[in-house]
Amino acid sequence: VPYAPQTWPSCICHGFISFLGFLLLLITFPISGWFALKIVPTYERMIVFRLGRIRTPQGPGVVLLLPCIDSFHRVDLRTRAFNVPPCKLASKDGAVLSVGADVQFRIWDPVLSVMTVKDLNAATRMTAQNALTKALLRRPLRDIQMEKLKISEQLLLEINDVTRAWGLEVDRMELAVEAVLQPPQDSLAGPSLDDSLQQLALHFLGGGMSAGAGGALPPGPDTVEMVDEVELPVGAGAGSKQPVAEGLLTALQPFLSEALVSHVGACFQFNVIVPGGTQSTYFLDLTAGQGRVGHGVPDGTPDVVVEMTEADLRALLFRELRPLGAYMSGRLKVKGDLAMAMKLEAVLSALK
C-alpha cells in the first residue's frame, strides 16, 4: 500500500520515540513481557501499526510489540464462508425468483484487507448480491435453471475482479434457486391461452362444422391433438355453410348463467375478418345478469379483444394451423388483459 515517505525530522522523531518505548519495555521487564509478547499461529498474520504507520505483516510465531506506541490487527488467512440470503429477483422474461448463494473466500494479502476495506465481510456480501442481481436480470428463467453452474462461474470472475483489490479472493460460489414465486410472463400468454382460443372456436362452430363434415371430426373438442398439418376430411369445406356469427350465437346462448357470470366476470369481443375484407364483431358479456352474447360491440369496454380472419378460425378448427404458431406470427391477435383472457377456461368448462 503506497503512502507518503517520511521526512528527515519525522524519521528522527519516529526513531527517538521507538527507542523510548523499547527502553520502557526493558525497564519494566518481565512484567511488560505479558503485554508486549504476542503469539501468532500459522493461519494468522498480525498487522502492526507503529506510531500510525503500517509495518510488514508479522508472524507466525512470537511478535514483540512496543508498549504505548504499537497497535495491531489480527488477520485470519483460513477459508471462510457466508451465504447471500434469499431475495426476490425478476428475470429477463418477468419471472419472480427467490434466489440466494453460498460463497467461500480467503484473504491472500493481509495488508490490503486491513487498509482498503473497513468491514470486509459486509463489503464482500454486498458485492456478491449486486453481481447476482445484475446477472439474473439479463437471463430468462429457463437459462437460470439449466445453467446454474455456468452462471456461478461467471459470477465468481466478476466478484473477484472487485475483491482482489481488497486482498481477498473468492474460491467458490454456488447459486441456489429457492423457489419460483411467479412464472414467466410469456408463459401466461403462451400455449395455455392458445389452447383456450382453439377450444372456444371448436365450441362456437362445432355444431355446424360437424354437420358439414359428415361426422368425420372427432366427437369431443377436448381430445384435439395440436399438429402441424392434418388432412381435411372430404367435403368438410364445401358442406359447411353456417355463418361464423350464427354458430357463435347458437353455441353459446344456452350455456350462459348467473353462476358463470359470477365466476368469470369479464367481457370478451371477437373481431372476425371475412374473405371480403370486412370485419364482423361479436361480443360475450359475462359481467352482469345471466350474461349476453350478440353481434356488434359490447356496451362497455371489453376486457379482451380476439382478432382473426375467418380462414384462420377455420384452420384452427380443422387443426391445419397451430394456435401457438398463429399467435406468435400475428395471425391471431389478443388485446387486453391476459389474466382475463385465461378465464375463457371457465367458459369452456361450462360448455362441456
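- Per an unreviewed UniProt entry, the protein chain goes by Stomatin-like protein 1 and derives from Rhinolophus ferrumequinum.
- According to its UniProt record, the protein chain has this under Sequence similarities (unreviewed entry): "Belongs to the band 7/mec-2 family."

## Concerning the packing of aromatic side chains
Next, step 1: Per the stated rule, a full pass over the model turns up one aromatic pair.
Next, step 2: Across from the ring centre of Y43, 3.9 Å away, lies the NZ or CZ of R78, which sits over that ring.

## Thoughts on the side chain of S98
Next, step 1: Within the fold, S98 resides in strand 7 (residues 96-107).
Next, step 2: With relative accessibility at 15%, the residue S98 sits in the buried group.
Next, step 3: Setting aside chain neighbours within four positions, we find S98 in contact with P86, C87, A176, V177, E178, A179 and L181.

## Remarks on unusual backbone geometry
Next, step 1: In the segment running from F29 into P30, the intervening peptide bond is cis, with an omega of 10°.
Next, step 2: Structurally, P30 is set in the loop between helix 1 (8-27) and helix 2 (33-36).
Next, step 3: Residue G59 is joined to P60 through a cis peptide bond whose omega torsion reads 0°.
Next, step 4: At L51, a position not held by glycine, the phi torsion is positive, near 55°.
Next, step 5: Mapped onto the fold, L51 is located in the loop between strand 2 (44-50) and strand 3 (53-54).
Next, step 6: On the basis of relative accessibility, which here comes to 34%, the residue L51 falls in the partly exposed class.
Next, step 7: Here the phi dihedral of C68 falls at roughly 75°; this positive angle occurs in a residue that is not glycine.
Next, step 8: In this structure, C68 sits in the loop between strand 4 (61-64) and strand 5 (70-76).

## So, the sheet that holds strand 7
Next, step 1: The strand order 6-7-8 describes an open sheet built from three strands, whose pairing is antiparallel. The open sheet has two edge strands, strand 6 (80-90) and strand 8 (168-182), and neither has a second partner. The average undirected angle you get between the axes of adjacent strands in this sheet is 15°.
Next, step 2: Inspection of the sheet shows strand 7 paired to strand 8 by 12 bridges, in the antiparallel sense.

Cut-offs used in this document
- Position numbers for residues count from 1 along each chain, tracking the sequence in the order it is written.
- Local features are withheld for residues below a pLDDT of 70 in this predicted model, meaning they are given only at 70 or higher, and side-chain atom pairs are given and counted only at 80 or more; totals for whole chains, interfaces and linings count all residues.
- As a rule here, side-chain values cover all heavy atoms of the structure and leave hydrogens and water aside.
- UniProt positions are given in the numbering used here, feature names are shortened, and annotations may be inferred rather than shown by experiment.
- Any two of the Phe, Tyr and Trp rings considered here, Trp counted by its six-membered ring, make a pair once their centres fall within 6.5 Å; the pair's planes then place it as stacked at under 30 degrees, edge-to-face at over 60, or tilted in between.
- Charges are assigned to positions over rings by a cutoff of 6 Å between ring centre and Lys NZ or Arg CZ, combined with an angular limit of 35 degrees from the ring normal.
- Strands here mean DSSP runs of E at least two residues long; helices mean DSSP runs of H or I at least four residues long; both are numbered from the N terminus.
- Summary of the burial criterion: residues with accessible area below 20% of their type's maximum are buried, those above 50% are exposed, and those between are partly exposed, where the area comes from a 1.4 Å probe applied to protein chains only.
- Here, residues are in contact when the closest pair of their heavy atoms is within 4.5 Å.
- In this analysis, strands are considered paired if DSSP registers two or more bridges between them.
- Every axis corresponds to a line fitted to the C-alpha atoms, with the helix fit spanning only the stretch in contact, and the corresponding angles, defined between N-to-C directions, vary from 0 to 180 degrees.

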